[in-house]
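Close look at the chain arrangement
Read off the chains here:
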Amino acid sequence: MEKDLTSGSVFRNIAYFSLPYLLSYFLQTLYGMADLFIIGQFNGVGDITAVSVGSQVMHMLTVMIVGLAMGSTVSIGKAVGAKRPESAMAAIGNTVSLFMGVSAACMVLLLGLVKQIVSLMSTPEEAVAGTITYLTICFIGIPFITAYNIISSIFRGLGDSKSPMYFIAVSCGANIVLDYLFIGVLGMGTAGAALGTTMSQTVSVLLALAVISRKKAGIKLKREYFRPQRETLGPILRVGVPVALQDGFIQIAFIVITVIANRRGLNDAAAVGIVEKIIGVVFLVPSTMLSTVSALSAQNIGAGKHERAAQSLRYAVFLTVGYGLIMSVITQFIAAPVVGMFTEDAAVILLGEQYLKGYIWDCIFAGIHFSFSGYFCAYGMSGISFLHNFLSIVCVRIPGAFLASAYFTDTLFPMGLAAPLGSLLSVLICAAAFLWMRRRLLS
């Protein structure tokens, strides 16, 4: 069902859209969290590391799919805001055709490269076999993972963030039950974690298709909408490709940092993997604002209401800075017990506490540049988002982590600080780009 986000209170629209999306994101994050938590209850550090490394690879793939789908959300949102339903349906049809082809190609390619990927990650020897098993099963499920994410992007472009929340809620519940069945009862280890994730995503897709087929979603597609059209795919790719590359670079940075940690030893690798999962939960609010600002701004831009688009950005920045500051301070006091939820190994807990205390400050700065990125994407200027993330990664995040690891061999705290320092550079670039855009729009 379409939702008009071009009128009424901007703050209320942000709350209306972001809260269901926040819950959806939280539930989706629980996928990886559940795998890591449950495998930690029944298996050792080797399997924890295998799931950690494997899920990081899958997370990279997923966020790139979501980034590419951002182009669909923006195109659909602009069409809805401009009251052009035929254009919106054409964008939906072309999105389906594009992503199904991409997912099939990715599945075949990655299955052929699974051993090379595990080797490239510098996976500790004790975790190599488990990581290969985990990734092989997850790669087979790529079409279902892709289908869920493009369906969600379509609904959000229509202004509906509630339906994806319902889909992922069912899927998350299924994942937790299946993880306990496969890992706890059947003792399948990393294979069980991967099967639980893949099968639960399949459940989510089937539920979404059932809703669409019964025409409860306001989506009425004709055969011609699935035929690739240059004028439809062009705007989708112009926004989606830079965002996908941007998200890919971010994940590459995470993977490089994981490789650095892996080379320090099994305990360091497990600690970094656990903290990445924790950060995934803490970053839910900042990450939500990226999609919220892009969806709201896209509809308002389509309706010619540029000031409302800028208001959406300002509210989002205010909310994320306040949230990030609170979370960063609190984490300084509870880092060790939070890491201890995932393992009883004292060495891993100490290293995880150090890494988390440094990393958590990124929650403030990342929230700001996520909000700006959503605004830039809504205007079709996702190249700006790509630029600031690329410079942040190349100039600060990766070299900072490498140097910190080389000079501080007995602690992970300095490595954690590389992330907020990189995001600070992104914030400065985003602020300059925003001022340039505002002068251009007002001139």
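Our subject is the structure listed above.
Notes on the structure follow.

Reading guide: rules and limits
Residues numbered from 1 in each chain as written. Predicted model: local features only at pLDDT ≥ 70, side-chain atom pairs only at ≥ 80, totals over all residues. Heavy atoms only, no water. Helix = DSSP H or I, 4+ residues; strand = E, 2+ residues; numbered from the N terminus. Buried < 20%, exposed > 50% of the residue type's maximum accessible area, 1.4 Å probe, protein only. Polar contact = N/O pair within 3.5 Å; in protein donor to acceptor, adjacent residues only side chain to side chain. Patch = residues over 30% accessible without salt bridge, like charges linked within 9 Å, V, L, I, M, F, W, Y side chains within 5 Å. Areas by Shrake-Rupley, 256 points an atom, 1.4 Å probe, with all protein chains shown as cover. Salt bridge = Lys/Arg side-chain N within 4 Å of Asp/Glu carboxyl O. Core = buried A, V, L, I, M, F, W, Y, C linked by side-chain atoms within 4.5 Å. Phe/Tyr/Trp six-rings, centres within 6.5 Å; stacked < 30°, edge-to-face > 60°. Axes fitted to C-alpha atoms, helices over the stretch in contact; angles between N-to-C directions. Parallel < 35°, antiparallel > 145°, perpendicular 65-115°, else oblique. Left-handed = near helix turned anticlockwise from the far one by under 90°. Contact = heavy atoms within 4.5 Å. Nonpolar A, V, L, I, M, F, W, Y, C, P; charged D, E, K, R; others polar.

**Some remarks on the side chain of Asn-175**
Tracing the sequence through the fold places Asn-175 in helix α7 (residues 162–185). Accessibility expressed as a relative area gives 0% for Asn-175, which makes it buried. Of the polar contacts made by the side chain of Asn-175, one reaches the backbone nitrogen of Thr-197; its length is 3.2 Å.

**A word on a nonpolar patch on the surface**
A contiguous nonpolar patch, built from Leu-325, Ile-326, Val-329, Ile-330, Phe-333 and Ile-334 and spanning about 570 Å² of accessible area, is present on the exposed surface. Relative to the elements of secondary structure, Val-329 occurs in helix α12 (residues 306–340).

**Observations concerning the nonpolar core**
The biggest cluster of nonpolar side chains holds 101 residues, and the ones touching the most others in it are Leu-135, Phe-139 and Tyr-375. At 13 residues, helix α2 (residues 45–81) tops the list of elements feeding residues into this core.

**Here we look at the packing of aromatic side chains**
Throughout the structure, instances matching the rule amount to eight aromatic pairs. Plain terms: the ring middles of Phe-372 and Phe-434 are 5.7 Å apart, the flat faces sit at 65° to each other, and that makes the pair edge-to-face. Separated by 62 residues along the polypeptide, Phe-372 in helix α14 (residues 362–378) and Phe-434 in helix α16 (residues 413–442) bring together distant segments of the chain. Through a chain of ring-to-ring contacts, the aromatic side chains of Phe-372, Tyr-375, Phe-376, Tyr-379 and Phe-434 assemble into a single cluster.

**Points about the side chain of Ser-297**
Residue placement: Ser-297 occurs in helix α11 (residues 284–302). In this structure the side chain of Ser-297 is engaged in a polar contact, spanning 2.8 Å, whose partner is the backbone oxygen of Val-293.

**Quick look at the packing of α11 against α14**
At their nearest, the axes of α11 and α14 sit 7 Å apart, and the two run at 25° to each other. Between α11 and α14, the interaxial angle falls into the category roughly parallel. The element α11 and its partner α14 pack so that their crossing is right-handed. Within the contact between the two elements, α11 uses Pro-286, Ser-287, Met-289, Leu-290, Val-293, Ser-294, Ser-297, Ala-298 and Ile-301 and α14 uses Cys-363, Gly-367, Phe-370, Ser-371, Ser-373, Gly-374, Tyr-375 and Ala-378. Each residue belonging to the contact of α11 with α14 can be placed in one class, and the counts come to 10 nonpolar, seven polar and no charged.

**Here we look at the packing of helix α9 (residues 230–264) against helix α15 (residues 382–407)**
Helix-helix packing is characterised by the crossing angle of the two axes and by the distance between the axes. Relative orientation of the contacting elements α9 and α15 amounts to 5°, with a least axis distance of 8 Å. It follows from the interaxial angle that α9 and α15 lie roughly parallel. Here the contact of α9 with α15 is composed, by residue class, of 17 nonpolar, six polar and three charged.

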